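Structural description and commentary
Take a look at the letters that make up each chain.
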Amino acid sequence: MSVLTRALDTPELRELLDRLSEKAAADYYNPYRTFDWPESLPSDRLWMSPDLLSVQGTPYGESLSGEQLCALSRWESINFYSLNVHGIRELLIEVTRRIHRPGFEPTSEFFHHFIGEENEHMWFFARFCLNYGGKIYPDRSLDLGQATGGSGSDPAVADFLVFARILIFEQIVDYYNMRMAADEDLAPTIRAVNRVHHQDESRHIACGSRIVELLWRSLEESERPAEQLDALRAYLRRYIATSVENFYNPACYRDAGIPDGFALRSRLLADPARQEAHRRLLSRTNSFLRRTGILADC
Amino acid sequence: MPHPLDPIRAWLAEKNPTVGEIPPDTDLIENRLIDSLSFMEFVMLLESVTGRDLPVETMELSQFRTLAAIEKNFLPGTPGTPCAS
């Protein structure tokens, strides 16, 4: 029996995934007919809940007019959905690589639902960007050919990192989705996109949390040197920080008519009010990482 | 007189505080002065220095590999080459 099979082939995970697969099939919807796509969205209203804006709580944010905040909310919402498009593409590639790989048999069935749903999410996020922003902000990542987090050629570490990254990405996005789905001041299309995504993601997060925990236990029980796990932890900390920093996109400031976006980004990231906002945003992720012992001190 | 590479040098120094002066032909990727996570911020900085969007997905890694390559590919026509001194 392979290490991966020993890690994932548990009655509890099988039962969870059976339940989630059944729910995915029962809740299946046609995304291509689910949403109303009006010709345009009101430009005199926020497109994103105010507390999600990158300037919220800062002196700079307070200096902006209502009109400037509306413009910023438009471009930061396009950035949010663009990040989703790129993040989903990457996770689809990684999960598709693993769907029928030996060791992943317990998860294969659910991965089919996952891949199908994620493809649909990518479609409606891309459609939102193109309909209302006229573009998808480009992906700034490039394969540098470097091993990440001490993974080297170690497939168990690579598997853990893939599912940990997916989970962290989904939890962060879900924070935004839940807030915007519930915000009655936002346009119905914005609320619907976020509501539908949140509904599917709750299943993906339930599955991902369990897989990440099991893969981590397996790494802990292996005889890998402590330095390797420390490198992996250091990578995860930086991955989380970078994921949050991606919401501070200088191109959004430029498109909203705000000059010197890179310098503004640096100032905002250092603002205590933003640090507090990040703590709220990462509360669920940090709680999971502490509980599982992956990052005991986060 | 400030050189367009100055902000890039300052950013590299901030991210790699234990590294001294970086020669123009040092491989920034191989030496991990830029890694996959810091690369995205690096591109944002480069966009801010050049004043244009960089379609990274269509670009070659070699264009970003050294300070000399960055200057040649993104900052052509800049006066002087303090990175080469």
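What counts and what doesn't
Along each chain, numbering runs from 1 in the same order as the chain's sequence is written. The order in which chains are written sets their letters, starting at A; the order in which ligands are written sets their numbers, starting at 1. pLDDT decides what is reported in this predicted model: residues at 70 or higher carry local features, side-chain atom pairs at 80 or more are listed and counted, and totals for whole chains, interfaces and linings draw on all residues regardless. Elements are defined by DSSP. Helices are runs of H or I of four residues or more, strands are runs of E of two residues or more, and each kind is numbered from the N terminus. For a compact globule the rule gives 2.2 Å times the number of residues to the power 0.38, and the radius of gyration it is set against comes from C-alpha atoms. Exposure in this text rests on C-beta crowding, where 20 or more other C-beta atoms within 10 Å of a residue's own make it buried, 12 or fewer make it exposed, and counts in between make it partly exposed. The C-beta atoms are placed from the backbone. Residues are scored as being in contact if the C-beta atoms we place from backbone atoms lie within 7 Å. Definition of nonpolar core: a set of buried Ala, Val, Leu, Ile, Met, Phe, Trp, Tyr and Cys residues joined via C-beta atoms within 7 Å. Note on method: axes are straight lines fitted to C-alpha atoms, helices fitted across the in-contact stretch only, with angles between N-to-C directions ranging 0 to 180 degrees. When an angle is under 35 degrees it counts as roughly parallel; over 145 it counts as roughly antiparallel; between 65 and 115 it counts as roughly perpendicular; any other value is oblique. If you view the pair so one helix is near and one far, a crossing is left-handed when the near helix is turned anticlockwise from the far one by less than a right angle, and right-handed when it is turned clockwise. Take the number of residues in a helix, subtract one, and multiply by 1.5 Å to get its expected span. What the bend at a residue measures is the angle between two axes, fitted to the seven residues ending there and to the seven starting there. Of all possible arcs, the one meant is that of the directions from the helix axis to the C-beta atoms.

Observations concerning the overall build of chain A
Within chain A one finds 13 helices and zero strands. Helices (α) and strands (β) of chain A occur, in sequence order from the N terminus, as α-α-α-α-α-α-α-α-α-α-α-α-α. Since a compact globule built from 298 residues should have a radius of gyration of about 19 Å, the 20 Å found for chain A is in line with a globular shape. When the backbone C-alpha atoms are referred to their principal axes, chain A occupies close to 60 × 45 × 30 Å. In chain A, which comprises 298 residues, the share counted as buried stands at 40%. Intrachain contacts of chain A at a sequence separation of at least 6 include 77% that bridge at least 24 residues.

A look at the overall build of chain B
Looking only at helices and strands, chain B features three helices and zero strands. Overall, chain B shows an N-to-C arrangement of helices and strands of α-α-α. Against the compact-globule benchmark of 12 Å for 85 residues, chain B has a radius of gyration of 12 Å, which places it among compact chains. For chain B, the C-alpha atoms occupy an extent of roughly 30 × 30 × 20 Å along the three principal directions. Counting every position in chain B, which comprises 85 residues, the buried fraction comes to 25%. A sequence separation of at least 24 residues applies to 60% of the contacts in chain B between residues at least 6 apart.

Looking at the nonpolar core
Among the nonpolar cores identified, the biggest contains 73 residues, and A:F160, A:F163, A:A164 and A:L215 are the most heavily contacted of them. Counting residues per element, this core draws most heavily on helix α7 (residues 155-182) of chain A, at 15 residues. With residues up to four places along the chain from it excluded, the contact list for A:F163 reads A:G208, A:I211, A:V212 and A:L215. Counting 16 residues, the second largest nonpolar core, distinct from the first, contains B:I8, B:F39, B:F42 and B:F64.

Overview of the packing of helix α5 (residues 66-98) of chain A against helix α6 (residues 105-132) of chain A
All names here are of chain A. At a minimum axis separation of 9 Å, α5 and α6 run at an interaxial angle of 155 degrees. Considered as vectors, α5 and α6 are oriented roughly antiparallel to each other. Two packed elements cross with a definite hand, and for α5 against α6 that hand is left-handed. Together, I78, Y81, S82, N84, V85, I88, R89, L91, L92, V95 and T96 of α5 and F111, F114, I115, E118, N119, H121, M122, F125, A126, F128 and C129 of α6 make up the contact between the two elements.

With respect to α6(A)
Residue and element names in this part refer to chain A. Spanning 28 residues, α6 covers 41 Å between terminal C-alpha atoms, matching the ideal 40 Å at 1.5 Å per step. For α6, the principal kink sits at F111 and spans about 35 degrees. Backbone geometry just after α6 places G134 at a positive phi near 75 degrees.

A word on helix α13 (residues 283-291) of chain A
Residues and elements named next belong to chain A. Residues of α13 that are buried include every one of T285, F288 and L289, and no others. Along the axis of α13, the buried residues cluster in a sector spanning 95 degrees; they form a single face. In α13, the exposed residues that point more than 90 degrees away from the buried face are S283, S287 and R291. Each element contacted by the buried residues of α13 is listed here: α7, α8 (188-221) and α9 (226-245).

Looking at the packing of α5(A) against α7(A)
All names here are of chain A. Remark: α5 packs on α7, axes separated minimally by 11 Å, with the N-to-C direction vectors making an angle of 155 degrees. Viewed along their axes, α5 and α7 adopt a mutual orientation that is roughly antiparallel. In this structure, α5 meets α7 at a crossing whose hand is left-handed. Two secondary-structure elements touch here, α5 through F80, N84, G87, L91 and E94 and α7 through V162, I166, F169, V173 and Y176.

Here's the deal with unusual backbone geometry
In this structure, A:D260 takes a positive phi of about 55 degrees despite not being glycine. With 12 C-beta atoms counted inside 10 Å, the residue A:D260 sits in the exposed group. Look at B:R32: it is not a glycine, yet its phi comes out positive at around 60 degrees. Note that B:R32 resides in the loop between α1 (6-15) and α2 (36-50).

Quick look at the environment of A:R89
Tracing the backbone through its elements, the reader meets A:R89 in helix α5. For A:R89 and A:M122, which are 33 residues apart along the polypeptide, the C-alpha to C-alpha distance reads 7.5 Å.

Some details on the environment of A:R195
Tracing the backbone shows A:R195 in helix α8. Note: C-alpha distance between A:R195 and A:Y175 (20 residues apart in sequence) is 11 Å.

Distances and angles like these do not, on their own, reveal function.
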